[in-house]
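# Descriptive analysis of the structure
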Amino acid sequence: MVLVIRDFKRKYNSTYLGFFWSLLVPIFTSLVYCVVFQVLIRWSTEHYILYLMSGNFLWHFFNNVITMNGRVLINSAPLLKKTCFDRKFLIYGTFVAEFIHFLLTIPILFGMMCFFKITPQWSTLFINLLAVFVFTSLLCFGVSFLYAAANLYFRDLERVIGVIMMSWMFMSPIFIPMSHIPEKYQIIYQLNPMAGIMCIWRDIFYCPGFHPESFLYLFAVCFVVFLIGYGVFKKCEPGFAEMM
């Protein structure tokens, strides 16, 4: 809890709106995309602003966890020198802080569903929410463990991660509907675990439905990413203090 409070203070230090920036940034981004893709390019996607905002909220959470955890070890140098301190709690602390922000976006999405008169599929809502939470958490932790450890040894990675995350964003159905992806690229596109997670997320807040056929694949991929990231983190952990 102390680490979560520390992250909140560090993130919103000297800002007037503070906590509300976690909501305003994805909302403003969604409005820009809406103007570009629906007004200028003239995509005819029903309730496109809801499509954009649902994707942006989830991606904003995922992106923030990854990018902030890239420097969490560097920013916690005194803690790294304490042999009794479990370093993985730094990663968990960042995740919890961002997850609290993320939870506040859910009422906004339900409010927009009411505005567009979209009825949630209550019978599968909890299962879909649980699936999104499990898959996203595993993916966040896996990539965060890997990035945090690697960035401590190779500081150049911090300059590259922005490009990597931007590329990952364009490879996920955040503002480009799956129906706009050419059929010959659909299989390759769906190998990206965030694409599958986004589809389940949209089954909750955009086009209510239930498609459990992708659950096993997503769990397997996200769990493997988690194991790889955690394994690298634990392998590099003995040298963390020396790298500061």
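Before any of the text, the structure's been laid out above.
Residues numbered from 1 in each chain as written. Predicted model: local features only at pLDDT ≥ 70, side-chain atom pairs only at ≥ 80, totals over all residues. Heavy atoms only, no water.

Now for the overall build of the chain. If you tally the helices and strands in the chain, you get 12 helices and 0 strands. Traced from its N-terminal end to its C-terminal end, the chain shows the element sequence α-α-α-α-α-α-α-α-α-α-α-α. Considering the chain as a whole, with its 244 residues, one finds that 49% of them fall into the buried category. A separation of at least 24 residues holds for 79% of the contacts in the chain among residues at least 6 apart in sequence. Put simply, the chain shows about 12,700 Å² of open surface, and 72% of that area lies on carbon and sulfur atoms. (Helix = DSSP H or I, 4+ residues; strand = E, 2+ residues; numbered from the N terminus. Buried < 20%, exposed > 50% of the residue type's maximum accessible area, 1.4 Å probe, protein only. Contact = heavy atoms within 4.5 Å. Areas by Shrake-Rupley, 256 points an atom, 1.4 Å probe, with all protein chains shown as cover.)

Let us now look at the pattern of salt bridges. Counted under the stated rule, the structure contains 1 salt bridge. Close ionic contact of Arg71 with Glu158 constitutes a salt bridge, the shortest N to O distance being 3.0 Å. Note that Arg71 is positioned in the loop between helix H3 (48–69) and helix H4 (77–80) and Glu158 in helix H8 (residues 157–170), a separation of 87 residues in sequence. You can call Arg71 partly exposed: its relative accessible area is 33%. You can call Glu158 partly exposed: its relative accessible area is 23%. (Salt bridge = Lys/Arg side-chain N within 4 Å of Asp/Glu carboxyl O.)

The grouping of Phe126, Ile127, Leu130, Phe133 and Phe210 at the surface amounts to a nonpolar patch, some 480 Å² of accessible area in total. Structurally, Phe126 can be placed in helix H7 (residues 122–153). Phe126 gets classed as exposed once you look at its relative accessible area, which sits at 61%. (Patch = residues over 30% accessible without salt bridge, like charges linked within 9 Å, V, L, I, M, F, W, Y side chains within 5 Å.)

We now examine the side chain of Ser137. Position of Ser137 relative to the elements: it lies in helix H7. Judged by relative accessible area, which is 7%, Ser137 ranks as buried.

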